[in-house]
Amino acid sequence: MPRLALIRHGHTEWNRAGRIQGRSDIPLDDAARKELSEFALPAPWDSADLWASPLHRARETAEIIAGRAPKTAPELIEMNWGDWEGLRGVDLVEQPDSGFRHIEDWGWDYRPLNGESPAEVWDRIEPWVKGITTDTIAVCHIGIMRMILAKACGWNFSGPAPFRIKRNRLFVVDLPDMRPWPDPVRLIKRASLA
């Protein structure tokens, strides 16, 4: 059975500032490039199919950790945050009329102003996931990872998430039954390859 391993792109200037990136094509920052260059994919993931979101931050992350260019899929692009892209969630939550909610209060139909709901993101990503026939790595965004892991864990964006997405880790889902692995797989330090 094929497996899908999800990994989040490295930091950008907007990540560090707490700004919502969504589909804005913000590049990795220099500190992220340096940090990522210290890591590599562990076996057997180093020979898996490599895919990435078409946004620069995901493609570059894939190239750095895998040492090869990924294939890109538009389905892997981040959730559309509409009018909130570039703004900070902490500022939006302070504005009672903004409509912004914490993820624990979303539900599948929550939609940012002029953006995309989790249900719509899943509708876009599901055919791509179901088309995977061999072990695959997808370097993507936290929103895409949340949708796939939510489906795999049976979480409905209500209450605390049953997973915590960290960087430099592969979050693996067995396909086609969408069974998540209990623990993420850490990337390996390049120094340990010598």
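Everything here concerns the structure above.
Residues numbered from 1 in each chain as written. Predicted model: local features only at pLDDT ≥ 70, side-chain atom pairs only at ≥ 80, totals over all residues. Heavy atoms only, no water.

**Student:** I'm lost on the side chain of Arg-3 in this one. Help?
**Tutor:** For Arg-3, the position within the fold is in strand 1 (residues 3-8). A distance of 2.5 Å separates a polar atom in the side chain of Arg-3 from a polar atom in the side chain of Asp-135. (Helix = DSSP H or I, 4+ residues; strand = E, 2+ residues; numbered from the N terminus. Polar contact = N/O pair within 3.5 Å; in protein donor to acceptor, adjacent residues only side chain to side chain.)

**Student:** Help me understand the layout of surface pockets in this model?
**Tutor:** The probe, sized like a water molecule, is rolled over the atoms to show the empty space still left. What the largest pocket holds in volume is close to 620 Å³. Every residue lining the largest pocket is counted, 25 residues in all, and those nearest its centre are Gly-18, Ile-20, Trp-81, Ile-142 and Arg-146. Those elements that provide at least two residues to the lining of the largest pocket are helix 1 (13-17), helix 4 (89-93) and helix 6 (142-153). At 3 residues, helix 6 tops the list of elements feeding residues into the lining of the largest pocket. Across the lining of the largest pocket, the residue classes tally to 8 nonpolar, 9 polar and 8 charged. Considering only enclosed or pocket space, the second largest pocket measures out at about 230 Å³ in volume. Lining the second largest pocket are Arg-8, Ile-103, Glu-104, Ile-142, Arg-146, Trp-155, Ala-161, Phe-163, Arg-164, Ile-165, Lys-166 and Arg-167. In terms of residue class, the lining of the second largest pocket is built from 6 nonpolar, no polar and 6 charged. (1 Å grid on protein atoms, 1.4 Å probe; cavity = no way out; pocket = protein on both sides within 12 Å on 5 of 7 lines; lining within 4 Å. Points joined across faces, edges and corners; volume = space filled by probe spheres on them. Nonpolar A, V, L, I, M, F, W, Y, C, P; charged D, E, K, R; others polar.)

**Student:** Would you explain the packing of aromatic side chains in this entry?
**Tutor:** The relation between two aromatic rings is expressed through the spacing of the ring centres and the mutual angle of the planes. Counted by the stated rule, this structure contains 12 aromatic pairs. One aromatic cluster is present, built from ring pairs that chain together Trp-81, Trp-84, Phe-100, Trp-106, Trp-108, Tyr-110, Trp-155, Phe-157 and Phe-163. The positively charged end of Lys-151 is found above the aromatic ring belonging to Trp-108, 4.7 Å away from the centroid. (Phe/Tyr/Trp six-rings, centres within 6.5 Å; stacked < 30°, edge-to-face > 60°. Lys NZ or Arg CZ within 6 Å of the ring centre and 35° of its normal.)

**Student:** Can you help me understand helix 3 (residues 56-66) in this one?
**Tutor:** An α-helix turns once per 3.6 residues; consequently, residues spaced three or four apart project the same way. Those residues of helix 3 that sit buried are Arg-57, Ala-58, Thr-61, Ala-62, Ile-64 and Ile-65. Buried residues in helix 3 make contact with strand 1, helix 2 (30-36), strand 2 (39-40), strand 3 (49-52) and strand 5 (136-140). Downstream of helix 3 by a residue or two, Gly-67 has a phi angle that is positive, lying close to 70°. (Buried < 20%, exposed > 50% of the residue type's maximum accessible area, 1.4 Å probe, protein only. Contact = heavy atoms within 4.5 Å.)

**Student:** I keep staring at the pairing of strand 5 and nothing clicks. Help me out?
**Tutor:** Looking down a regular strand, the side chains alternate between one sheet face and the other. The buried fraction of strand 5 amounts to 5 of the 5 residues, a majority that puts the element mostly inside the structure. Here strand 3 pairs with strand 5 via 4 bridges, running parallel. If you follow Ala-52 over to strand 5, its bridge partner there is Val-139. (Pairing = 2+ DSSP bridges.)

**Student:** I'm lost on the side chain of Arg-167 in this one. Help?
**Tutor:** Of note, Arg-167 is situated in the loop between helix 6 and strand 6 (169-174). Buried and unpaired, Arg-167 has Glu-35 as its nearest opposite-charge partner, separated by 6.8 Å. Arg-167 has contacts with Arg-8, His-9, Gly-10, His-11 and Asn-15, leaving out every residue within four places of it along the chain. (Lys, Arg positive; Asp, Glu negative; His and termini not counted. Salt bridge = Lys/Arg side-chain N within 4 Å of Asp/Glu carboxyl O.)

**Student:** Teacher, can you tell me more about empty space enclosed by the protein here?
**Tutor:** Under the definition given, this model contains 1 cavity of 30 Å³ or more. The volume enclosed by the largest cavity comes to roughly 40 Å³. What lines the largest cavity is simply Arg-8, His-9, Gly-10, His-11, Ala-32, Glu-35, Leu-36, Arg-167 and Asn-168. In terms of residue count, the dominant contributor to the lining of the largest cavity is helix 2 (3 residues). Residue composition of the lining of the largest cavity, grouped by class: 2 nonpolar, 4 polar and 3 charged.

Structural measurements only, silent on function.
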